[in-house]
Amino acid sequence: MFPYLITIRPLGILYASAGGFLSPENLVGRAQAKFPPDAYTLSGLIFSANKSQNFASQEDLSQNLFVAGPFWAKLDEFEASQEFYVPIPSTKMIGNDDVNTWELHDDGWRQSNPDSEMTPAFKWQKLSAWNQDSDTLLHQKAVAKEPWKYLSMLHPRLKPDERCVREQDGLFLENAVQLDDNACLVYLSTVPLEAGWYRFGGENHLVEIESHPLQETHPLVSLLQQPITRSFALLTPAVWGSNRISYRYPQHPDFPQPRWLLMAKAIPFRFRAGGRQKADGSRDTGRLGRGRYAVKPGSVYVLDDSLNQTWWESPEAWYPKEGYSLKQVGCGLCLPLDIAGL
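These numbers were taken from a predicted model, which means no experiment stands behind them.

Q: How should I be thinking about the sheet that holds strand β5 (residues 99-105) in this particular structure?
A: By way of backbone hydrogen bonds, the strands of a sheet pair with one another, either parallel or antiparallel. Taken together, the three strands give an open sheet; going across it, the order is β4-β5-β6, and neighbouring strands pair in antiparallel fashion. The outermost strands of the open sheet, each flanked by one partner alone, are β4 (92-94) and β6 (108-111). Neighbour to neighbour, the strand axes of the sheet diverge by 20° on average, direction disregarded. Sheet analysis places β4 next to β5, joined by three bridges and oriented antiparallel. Paired with Met 93 across the bridge in β5 is Asn 100.

Q: Whenever I open this one, the packing of aromatic side chains confuses me. Can you help?
A: Any pair of aromatic rings gets described here by the distance separating the centres and the angle formed by the planes. Tallying each qualifying case throughout the model produces 13 aromatic pairs. Pairing Phe 71 with Phe 84 gives two aromatic rings, centres 5.5 Å apart and planes at 35°, and the pair type is tilted. On the criterion of sequence distance, the pair formed by Phe 71 in strand β2 (residues 67-74) and Phe 84 in the loop between α3 (75-81) and β3 (85-87) is long-range, its members being 13 residues apart. Exposure class is identical for Phe 71 and Phe 84. Each is buried.

Q: What should I look at first to understand the pattern of salt bridges in this one?
A: Between side chains of opposite charge, pairing is possible as soon as their charged atoms come close. Taken as a whole, this structure holds five salt bridges when the rule is applied. Between Lys 159 and Glu 162 there is a salt bridge; the shortest N-O distance is 3.8 Å. For Lys 159, a relative accessible area of 24% puts it in the partly exposed group. A salt bridge links Asp 304 to Arg 259; the shortest N-O distance between them is 3.9 Å. Residue Asp 304 is located in the loop between β22 (300-303) and β23 (321-322), and its partner Arg 259 is located in strand β17 (residues 258-262); the two are separated by 45 residues in the primary sequence.

Q: Sorry if this is basic, but what is going on with helix α1 (residues 39-53) here?
A: For an α-helix, 3.6 residues make a turn, and residues three or four places apart therefore share a direction. Here α1 is 15 residues long and its end C-alpha atoms lie 20 Å apart, about the 21 Å a rise of 1.5 Å per residue gives. Regarding α1, the residues found buried are Ala 39, Tyr 40, Leu 42, Ser 43, Leu 45, Ile 46, Ala 49 and Asn 50.

Conventions used here
Residues numbered from 1 in each chain as written. Predicted model: local features only at pLDDT ≥ 70, side-chain atom pairs only at ≥ 80, totals over all residues. Heavy atoms only, no water. Pairing = 2+ DSSP bridges. Helix = DSSP H or I, 4+ residues; strand = E, 2+ residues; numbered from the N terminus. Axes fitted to C-alpha atoms, helices over the stretch in contact; angles between N-to-C directions. Phe/Tyr/Trp six-rings, centres within 6.5 Å; stacked < 30°, edge-to-face > 60°. Buried < 20%, exposed > 50% of the residue type's maximum accessible area, 1.4 Å probe, protein only. Salt bridge = Lys/Arg side-chain N within 4 Å of Asp/Glu carboxyl O. Expected span 1.5 Å × (residues − 1).

Spelled out as structure tokens, the structure:
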């Protein structure tokens, strides 16, 4: 179980370009193509902080640290009840004034309102409203749009001997992300991080981090303890398969064959690991992991046979292991989901 919530508030702007793939939509590797930072970014920060704070041996930390996310919260709601927002399951499509729902029938998925031309306006919902239907989510205002926006700024490169812009190549374009003042990023963790300012994410900009014990009455506690039967939805990206090949579901023989899937286009999943301290005190950049594709958060799985276990109890053999199990960075974190018609 995750006993802590870690909140991150940027002191300025943030970046998160590390690990993204080049694509027709992302020809220059823009930071905004990959935000908010995945759980492995926070995991790396905890390992790095442990070298100076010594709250655990590196070996114990590598075995016991589990981090999952990213999620986000409105500060006033988080302070009142530790409320935070998670991706909406793909079965629910919620617009500004209308909703639609994917329901299961004998021949597969059908929309509750097939004539609707509504485009979903929201991607996030309150965790406390998990398993509420689309109408209830909209009318109770339990959905929200992401609280960040993308910024592009021109920065000057100054001459080395005076505060004037260089005559050649004197400007460069910086792509950044700005989080609303009343919002913070939220991650789940088995290990707390001492409150303070840290460098986080792409470009190592400063953020303020706090660790909060997860309240025993928090809805997440009961949801994570509830065994998954025949249907579930992902809260985080999921990488299944071997270290070389990505699949849409675990290939382990113990995992039942999915009957129905509801998911969008796969997303890039790539992280850097293995950085080391050199004799002169500087640090080698870590090795960039092989590019992988992950199933998108919000994806829905329907099985023929019940799993009868929680995500926490799922065997690590279901997850790729690249140095350490990807389950430890929250890969495939999921919750049981009620589906109309099932």
